[in-house]
Structure formats: structure tokens, C-alpha cells
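Understanding the architecture of this molecule
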Amino acid sequence: MTLTPEQRRFLQRMAANRENPPTVGRLFWSARPWLFVLVALTAMCLVGYFLVDDPTVPAFGLGAVAGMMLRAVRQIRTAQDLWPTIADITDWDRVTKLLAADDGHLIDNP
């Protein structure tokens, strides 16, 4: 099986979490590019809220940012809560084998 770059990164994150279960802080850190976008959007909305005569649109933007953050927190908490189950059912030998293989080599699926 040839892994895509995204699949390889996912398996590498899983392998890294095998010994050290994911924490909320590490999961947020892995999502930092999106968090920077949310921070920038929040800053733009706050500036607009105070500078625009009608703050309706910036207020809507702030509400959207709050909703995105709450959604991210929920997903991260769910991932953290489900990790013990995921770790139990994962075939770690298979994960190691897939990561060790070169992209050009195929590995037979069991």
C-alpha cells in the first residue's frame, strides 16, 4: 500500500501518541495553523467591531470564531477521551510496517 503524505503524517502522529497519550495542549499545538487563522479573524472582527458604525457583521464574525473554537475543543476532548480505545484496537505492528515501507513499495493488505 502506498501512503499519501497525509496518511503518513496521520500514522506518524498515531505512533507518537502510542507511548504518550494525546493531551489537549498537544492536540491544540498540532492545530496551530488553524488557530493562527482564528486569531487573525478574531483580531479583524474586534477592530471592525470598534471602528465600524454598525458592528453587526464583526459581531457575527466573533460569534462564528467562538463557534469554531467550541467545535475544536469538543473534537479535541473527544479524541482525547477515545484514545485508550483507539490504542487498544490499533494493530501497531501494521502501523510500524506501513511507516517503514518506502512509498514505492506495496504492502499486501492482510
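That block above? That's the structure.
Anyway, here's the lowdown on the structure attached to this text. None of these values were measured; they are calculated from a predicted model. (Residues numbered from 1 in each chain as written. Predicted model: local features only at pLDDT ≥ 70, side-chain atom pairs only at ≥ 80, totals over all residues. Heavy atoms only, no water.)

1. Quick notes on the packing of aromatic side chains
Where two aromatic rings form a pair, the distance of their centres and the angle of their planes describe that pair. Convention followed: Any two rings among Phe, Tyr and Trp, with Trp reduced to its six-membered ring, count as a pair given centres within 6.5 Å; such a pair is stacked if its planes are under 30 degrees apart, edge-to-face if over 60, and tilted if neither.
The tally for this structure, following the rule as stated, stands at 2 aromatic pairs. Pairing Tyr-49 with Phe-50 gives two aromatic rings, centres 5.4 Å apart and planes at 90°, and the pair type is edge-to-face.

2. Digging into the nonpolar core
So the rule is basically this: Grouping buried Ala, Val, Leu, Ile, Met, Phe, Trp, Tyr and Cys residues that are joined through side-chain atoms within 4.5 Å yields what is termed a nonpolar core. When a residue's accessible area, from a 1.4 Å probe over protein chains only, is under 20% of the maximum for its type it is buried; when over 50% it is exposed; and in between it is partly exposed. Each helix is a run of DSSP H or I of at least 4 residues and each strand a run of E of at least 2, with the numbering of both proceeding from the N terminus.
Judged by nonpolar contacts, Leu-3, Leu-11, Met-14, Trp-83, Trp-92, Val-95 and Leu-98 together constitute the single largest core of 7 residues. Contributions of two or more residues to this core are made by helix H1 (5–19) and helix H5 (92–100). Per-element accounting of this core gives the leading share, 3 residues, to H5.

3. Examining the packing of H1 against H5
Short version of the rule: Axes here mean lines fitted to C-alpha atoms, for a helix over just the part in contact, with angles spanning 0 to 180 degrees between N-to-C directions. Convention used here: angles under 35 degrees read as roughly parallel, angles over 145 as roughly antiparallel, angles from 65 to 115 as roughly perpendicular, and any remaining angle as oblique. Note on convention: the crossing is left-handed when the near helix lies turned anticlockwise from the far helix by less than a right angle, right-handed when the turn is clockwise. Note on contacts: a residue pair is in contact if any heavy atoms of the two residues lie within 4.5 Å.
Packing of H1 against H5 leaves a shortest axis separation of 10 Å and a crossing angle of 135°. By the criterion of interaxial angle, the relationship of H1 to H5 is oblique. Crossing of H1 over H5 shows left-handed handedness. Residue-level inspection shows Arg-8, Leu-11, Gln-12, Met-14, Ala-15 and Arg-18 of H1 in contact with H5, the latter providing Trp-92, Val-95, Leu-98 and Leu-99.

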